[in-house]
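Examination of the molecular architecture
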Amino acid sequence: MDLYFPNLNAACEDVRHLRQVGNELTEQWSLAQILDHLNLSLQMTLTGAEFTFPVLLRPLFRVMFSRTLRVGKPSKLRGKAPKEIQPSANLDEDSCANRFYQLCDTLMQPDTKFVETYPMLGRLNREQWLQLQQWHCAHHLSFAVPHVSRSKTV
């Protein structure tokens, strides 16, 4: 299933649904670990990252991912997350979910200031940041298949 979120509120609704009805995971991370990874990424939108990608690779990544982000479809590409945004092993799902909801709410506020650059893609404006985070949430949450189907609106 191609998962798409028109905004971060829809991602929050999906997490609530996954937690309410239960889910099967198709990858190695638990739902708490997925949320922890997403939380670390969402936080980067506000405070920046402690890692970077080589400057010469950023334009290549930008070209590779620009259509994917614009269309909002999960990617078939797989890679290992930088160690700075890899999730911890033992996490409390409630805490991770609550942090996710809080960060999404903060990012959806029109007066929230975003950092200007993403380590892999370079400079991003507010709309591009939100597209990136919506895509990233859909990408990882697509690995959690709910026991009761997602609604047609998600």
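Refer to the structure above for everything that follows.
Residues numbered from 1 in each chain as written. Predicted model: local features only at pLDDT ≥ 70, side-chain atom pairs only at ≥ 80, totals over all residues. Heavy atoms only, no water.

This paragraph deals with the packing of aromatic side chains. Counted under the stated rule, the structure contains 2 aromatic pairs. On the basis of an interplanar angle of 65 degrees and a centroid distance of 6.4 Å, the ring pair of Phe-100 and Tyr-101 is categorised as edge-to-face. Cation over ring: Arg-16 sits above Tyr-101, and NZ or CZ is 4.2 Å from the ring centre. One residue, Arg-126, lies across the ring of Phe-114, its end atom 4.5 Å from the ring centre. (Phe/Tyr/Trp six-rings, centres within 6.5 Å; stacked < 30°, edge-to-face > 60°. Lys NZ or Arg CZ within 6 Å of the ring centre and 35° of its normal.)

The next thing to look at is helix 4 (residues 93-108). End to end, helix 4 covers 22 Å across 16 residues, agreeing with the expected 22 Å (1.5 Å per residue, within 8%). Taken as a whole, helix 4 has its buried residues at Cys-96, Ala-97, Phe-100, Tyr-101, Leu-103, Cys-104 and Leu-107. Structurally, helix 4 contributes buried residues whose contacts are with helix 1 (8-21), helix 2 (31-47) and helix 5 (126-141). (Helix = DSSP H or I, 4+ residues; strand = E, 2+ residues; numbered from the N terminus. Expected span 1.5 Å × (residues − 1). Buried < 20%, exposed > 50% of the residue type's maximum accessible area, 1.4 Å probe, protein only. Contact = heavy atoms within 4.5 Å.)

Here helix 2 crosses helix 4 at 30 degrees, and the two axes come no closer than 9 Å. In terms of their interaxial angle, helix 2 and helix 4 are classed as roughly parallel. Helix-helix and strand crossings are classified by hand; for helix 2 and helix 4 the assignment is left-handed. Along its contact with helix 2, which presents Leu-31, Ala-32, Leu-35, Asp-36, Leu-38, Asn-39, Leu-42, Gln-43, Thr-45 and Leu-46, the element helix 4 presents Glu-93, Cys-96, Ala-97, Arg-99, Phe-100, Leu-103, Cys-104, Thr-106 and Leu-107. Its residues placed into classes, the contact of helix 2 with helix 4 shows 12 nonpolar, 4 polar and 3 charged. (Axes fitted to C-alpha atoms, helices over the stretch in contact; angles between N-to-C directions. Parallel < 35°, antiparallel > 145°, perpendicular 65-115°, else oblique. Left-handed = near helix turned anticlockwise from the far one by under 90°. Nonpolar A, V, L, I, M, F, W, Y, C, P; charged D, E, K, R; others polar.)

Once that is clear, we can look at helix 2. The terminal C-alpha atoms of helix 2, which comprises 17 residues, lie 24 Å apart, in line with the 24 Å expected from a rise of 1.5 Å per residue. For helix 2, the tally of buried residues reaches 13 of 17 residues, placing the bulk of the element in the interior.

What follows covers the environment of Gln-131. Among the structural elements, Gln-131 can be located in helix 5. Each C-alpha atom of the pair Gln-131 and Pro-6 lies 8.6 Å from the other, and the pair is 125 residues apart in sequence.

This brings us to the side chain of His-37. Tracing the backbone through its elements, the reader meets His-37 in helix 2. Classification of His-37 as buried rests on a relative accessible area of 2%. Apart from the residues lying within four places of it in its own chain, the contact partners of His-37 are Trp-29, Ala-81, Ile-85, Pro-87, His-136 and His-140.

In this structure the tally under the stated criterion is 5 salt bridges. Here Arg-16 and Glu-13 are joined by a salt bridge, their closest N and O atoms 3.0 Å apart. Taken together, the positions of Arg-16 and Glu-13, both in helix 1 and 3 residues apart, correspond to about one turn of that helix. Note on Arg-16: relative accessible area 36%, which makes it partly exposed. Among the residues examined, Glu-13 registers a relative accessible area of 45% and is labelled partly exposed. Taken together, the shared-partner salt bridges connect Arg-19, Glu-93 and Asp-94 into one network. (Salt bridge = Lys/Arg side-chain N within 4 Å of Asp/Glu carboxyl O.)

Once that is clear, we can look at the packing of helix 2 against helix 5. As a packed pair, helix 2 and helix 5 sit with axes 10 Å apart at the nearest point and diverge in direction by 170 degrees. When the axis of helix 2 is compared with that of helix 5, the two are roughly antiparallel. Taken together, the residues of helix 5 that come into contact with helix 2 (itself represented by Leu-31, Ile-34, His-37, Leu-38, Ser-41, Leu-42, Met-44 and Thr-45) are Trp-129, Gln-133, His-136, Cys-137, His-140 and Leu-141. For the contact of helix 2 with helix 5, the per-class residue count stands at 8 nonpolar, 6 polar and no charged.

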